[in-house]
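Structural description and commentary
Read off the chains here:
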Amino acid sequence: MAIGNKLDLKTMLKVFLKVCFNRLDLMSTHIYMYCDHKGIPIKLAPLESAHYQSFLSIPKKNQREPWTKSTMLSNFVERLNKAQKNISLEYQPGKYLFGYIIPDHGLLVFETHYALNAEVQKALSSILKKLAISCYTSLVHDSLVKEVRSRQLIEKKVAFQAQHDGLTGLFNRQHMNKLLAEAIQNAQINKKIGGILFIDLNRFKPINDAMGHSVGDQILLTLANRLYSLSNEHIDVARFGGDEFVILLKDLNSNYQETITQAITEVNQLLAIPFIIKNHSYKLSCSIGYALFPLQSNTANNLIKFADIAMYEAKREKSRQGKQYTSSMSDKIKRRLAYVDDMKLGLANGDFKLFYQPQYNHNDEIIGAEALLRWHHPIYGTESPAVYIPIAEESDLILDIGQWVLEQACRDIHKIEKLQLPKTFKKVSINVSAKQLIQYDFQDKVMRAIKENNISAERLALELTENLLVENIEDSIQLIASLKANAIDCSIDDFGTGYSSLTYLKRIPASLLKIDRSFVAKIEKSDESSAIARMIISLGKALNMDILAEGVETIEELNCLKKLGCYQYQGYYFSKPLPFNEFVKLFN
Amino acid sequence: MLNGPFTWYTLSDTFDDFKKGLKLAQNCGAKSLMVLTCTQNTYPEQAFNGLLKTCSLPVFGGIYPRLTHQDTLIEQGALIIGFKEEYQVSVFPDLHLCKSEEALEGLINLELEKNKNFGAQENFLMFYDGLMANVEDFIDCLFECLDHNITIAGGGAGYLDFIQRPCIFTNNGLQSNAVLLVTLPRKITTSIAHGWQIFKGPFLVSEVQDQTIQSLNYQPAFDVYSQAIESASDYKFQTDNFFNIAKNYPLGIEDINNNLIVRDPLLSINGQLQCAGKIPINSMVYLLESNINNLVNAAEEAAISLFSRLTSSTEQTAMVFDCISRVLYMEGEFDKELQVINKHRTSVTLFGVLSIGEIANSDSGVIRLFNKSTVISAW
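Quick summary incoming for the structure in this document. This is a predicted model, so every value here is computed, not measured.

The rules behind the values
- Residues numbered from 1 in each chain as written.
- Chains lettered and ligands numbered in written order.
- Predicted model: local features only at pLDDT ≥ 70, side-chain atom pairs only at ≥ 80, totals over all residues.
- Helix = DSSP H or I, 4+ residues; strand = E, 2+ residues; numbered from the N terminus.
- Buried ≥ 20, exposed ≤ 12 C-beta atoms within 10 Å, placed from the backbone.
- Contact = placed C-beta atoms within 7 Å.
- Pairing = 2+ DSSP bridges.
- Axes fitted to C-alpha atoms, helices over the stretch in contact; angles between N-to-C directions.
- Core = buried A, V, L, I, M, F, W, Y, C linked by C-beta atoms within 7 Å.
- Nonpolar A, V, L, I, M, F, W, Y, C, P; charged D, E, K, R; others polar.

Across its full length, chain A carries 20 helices and 24 strands. Out of the 588 residues in chain A, the part that is buried amounts to 35%. Excluding contacts between residues fewer than 6 apart, the proportion of contacts in chain A whose partners are at least 24 apart in sequence is 63%.

Below you can see the structure in the form of structure tokens.
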């Protein structure tokens, strides 16, 4: 009797049952296997017992019911299992059930229309021993197959994870580097051109901060799916990290510029579709920089770096068309890095100074001053804050500078407080940058500087731009309120140039609104400027805030502001920013 | 209104005559038609397909090497039986595309599901392409998948040159690689006989691939087979006379109850024997022999056994699926077989086909493929 050489348990047993069917002219045949609690066939250990389960029947059904519903068969199998030896039953005249034990593995039942003779039954017992060995082999094989399959699955998963980004499923940075290296090589061999597009979302961070990472992740996932739609055999898409994506364009011909422009347009179109997440609609844009290979470099690292640099340039210029990398961009960066080094040196060498521009009331009495940073470059002379502050903002140097400003201002206030100050003089204000504000210990730093210099907290005020406040609105409100509770006032600088929204202004517990100099310049001649100033003044009054006009340079401007109801001023009409030594002379 | 089955046959091989017969059958009040034609006919395939497709009644049947009507052997022509009941026909097409047991099971289960597992129907005729390779897989699978026992009789259609052509009739035209299961309105009774006896053996089937025996007793199958015949007869195998000798010496697989299932060796290729049916590995096979008398006697016994069991007067139709190789063996004396069957006929009609493979139930109820056998059925 052939058992067959199939290794899968069910297949092997089916072959065996079919042979039995043909050789023994059976009416039906059934195999029951001992199984573990998960229903998986097992080999019984010596003296071990386990429940058996119907494993295979030919034919599959009996009188329109599964065989498991046949009470006669179930009772017979139960009796066979208990007896653990061959049994038989003539269940109706001329029809029989014969039961056999498959050692350590299960039970076998034949249904016949004749009585199997003793010789056949005896022959079966040695066949069943062989069948048991085959069962064991199949079980071992099955478990090996399962193990190999699960290992293959894990290997596949690991291989996938090694190449793909966990959130979006796009290629990851490492794999993109590899793809890029291959693409460069192919481009060189096949004399083709390729491009690498570096994409960075604009103003994604505020969404992530305000709406939470789950929303941010959903947006990234949606965008990833959209960008993936661009991929084909010549285009690969990867997430490089955070809100940065990279697109690799391969096998470009002489019209590569056209293809790249087209790709940038498509990316912008994909971003133009609103992102609907949790019933909210978000509109996003991106900045794109790109570099070409092998024209601009033949190394993956350089190309990514170049595209990244070009992206920053596009972001700085607010360009939506994408920027191709040029070597001048690197030069510019080098210069900026050198400039940052100069600033660091200047800070260490005491080249930075605080100048103070006094502030006056309508009675020409000094009421305070704004501390303004001045840097005297040893080679270039006095540098404009409009140049070095944005550069310091891009690097973390702004934190060191901001801290120095805070401490120096406190040191100066300490000196001032020792003077005979007019009663009208109240505060010295310093400017605070966005990076300083988001430091978790910013308030501690402020309080420490006040304490260390032994000054009254109410002498210090902080100036924050309205754009900076809006970007971190909830945290800002909390911080300003907390500072106010510690007697430190905050003012809103450059008011009118940004959002100027009532909805947030009424929530910010600031004490002073500073009208931006752009509305003050020639205000007496500009209906528009005076209208805006009037609006800001009435807004301040309504919200119980003081109003101070910046950049007052002429008597005409002053008179106009007085008429409009603004009674605090700062500007060249009164005084230019003064070095501390000269500033303190104002109190003599 | 028909009282019994409408029967029409012709010995003419012309398409015009067939069309006349079909027209008559369609107008006789029948609700379904069995159409059987001979391979000798030269019906234009396209026009024939058109006739089947436009036939207003359910139609089933096939093209067979020969047909029989009572004791007449029809070597060319056609036979049409019109039934007063509407027979349900299930078509299993394109079975050659089912390369695995799972695929076959899927196809059969789909059809069974569509037909609600044939409901309470237990009686079937089976027409199939006799040259399709997997008919045994089909019947094994059908037996496994059906949720109740059925009684069945059938035979393989096709051409004796063993070139596969469309040979199964359906209302969608001629088909190859197809099986038709025709549900009968009444109980079918069957009787099987072959008349072959053990001549030599047993031989162990030591290597086999489906229908091809590669080795017997661990030696090339053809060597063992030819030596056994040549040593006991005057036959000498040449390059071109294999079938002429082999038709006299089929192989027999003996089951536990000493029943012989005959397997007809058709070809010898590279020392292997290709048979008209599967042979299980490690089975014991015998060389069989017979003579015309034994074959005729066996057929007569089958006829007596069948017709004596018919007690109901409702069983008016008898159909014979007789293996074409019996004609090839008996040649001019095959008429004797038809005569003895017809002699014992109690049914109104008796007709049949000479087939390539026969289908019937074994004693245990399993559906089996037989070779060189006679299956007589009545319903």
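Past the structure itself, the notes keep going.
Residues and elements named next belong to chain B. Spatial ordering of the open sheet is given by β1-β6-β2-β3-β10-β11, a layout of six strands whose pairing is mixed. At either end of the open sheet lies a strand with only one pairing partner, and these are β1 (6–10) and β11 (173–175). Ignoring strand direction, the axes of neighbouring strands in this sheet form an average angle of 15°. For strand β2 (residues 32–38) and strand β3 (residues 59–64), the ladder comprises six bridges, and the chain directions are parallel. For C38, the partnering residue across the bridge sits in β3 and is Y64. Sitting on the sheet, helix α1 (residues 15–26) touches β1, β2 and β6 (78–83), and the angle it makes with β1 is about 175°. The sheet strands contacting helix α2 (residues 45–54) are β3, β10 (168–170) and β11, and the helix crosses β11 at an angle near 115°.

Turning to the sheet that holds strand β9 (residues 235–241) of chain A, a few remarks are in order. In a beta sheet, neighbouring strands are held together by backbone hydrogen bonds and run either parallel or antiparallel to one another. All names here are of chain A. Ordered by their spatial adjacency, five strands build an open sheet running β9-β10-β8-β13-β14, and the pairing between neighbours is mixed. Single-partner strands in this sheet number two, and they are β9 and β14 (323–324). Sheet topology note: the β9/strand β10 (residues 244–252) ladder contains six bridges and is antiparallel. Of the residues in β10, the one forming a bridge with A238 is V246. Those strands touched by helix α7 (residues 256–272) are β8 (193–202), β10 and β13 (285–293), and its axis lies near 160° from that of β13. Across the sheet, helix α8 (residues 300–316) is in contact with β8, β13 and β14; its angle to β13 comes to roughly 140°.

Looking now at the nonpolar core. Residues M126, Y128, I168, V179 and L180 of chain B are the most contacted members of the largest nonpolar core, which totals 114 residues. In this structure L180 of chain B touches F60, V89, V91, M126, F127, Y128, I168 and T170 of chain B, once residues within four positions along its chain are discounted. In this structure, M343, Y388, L468 and M545 of chain A belong to the second largest nonpolar core, which totals 62 residues.

So, about the environment of A533 of chain A. Residues and elements named next belong to chain A. Its location among the elements puts A533 in helix α18 (residues 527–542). When the C-alpha atoms of A533 and I515 are compared, they prove to be 7.0 Å apart, with 18 residues separating the residues in sequence. If we ignore the near neighbours within four places in the chain, the residues touching A533 are I515, F519, I523, L561, L564 and C566.

The interface of chain A with chain B comprises 18 residues on the first partner and 18 residues on the second. The element that contributes the greatest number of residues to the side of chain A that touches chain B is helix α1 (residues 9–24) of chain A, accounting for five residues. Of the residues in the side of chain A that touches chain B, the class split is 10 nonpolar, three polar and five charged.

This brings us to unusual backbone geometry. A cis geometry characterises the amide bond from I58 of chain A onward to P59 of chain A, with omega recorded as -10°. Tracing the backbone through its elements, the reader meets P59 of chain A in the loop between β2 (52–58) and β3 (61–62). Omega for the peptide link from G201 of chain B to P202 of chain B comes to 10°, which places this bond in the cis form. Note on placement: P202 of chain B falls in strand β14 (residues 197–209). In this structure, K278 of chain A is a non-glycine residue whose phi angle is positive, near 50°. The topology assignment puts K278 of chain A in the loop between β11 (275–277) and β12 (280–282). A positive phi angle is found at N177 of chain B, which is not glycine, with a value near 55°. Checked against the element boundaries, N177 of chain B lands in the loop between β11 and β12 (179–183).

Residue and element names in this part refer to chain A. Summarising the sheet, strand β5 (residues 87–92) and strand β6 (residues 95–102) pair through five bridges and their orientation is antiparallel. Its bridge partner lying in β6, Q92 is registered against K95. Between the end of β5 and the start of β6, which pair antiparallel, lie two residues, with G94 showing a positive phi angle near 80°. Two elements, β6 and strand β7 (residues 106–112), share seven bridges in a ladder whose sense is antiparallel.

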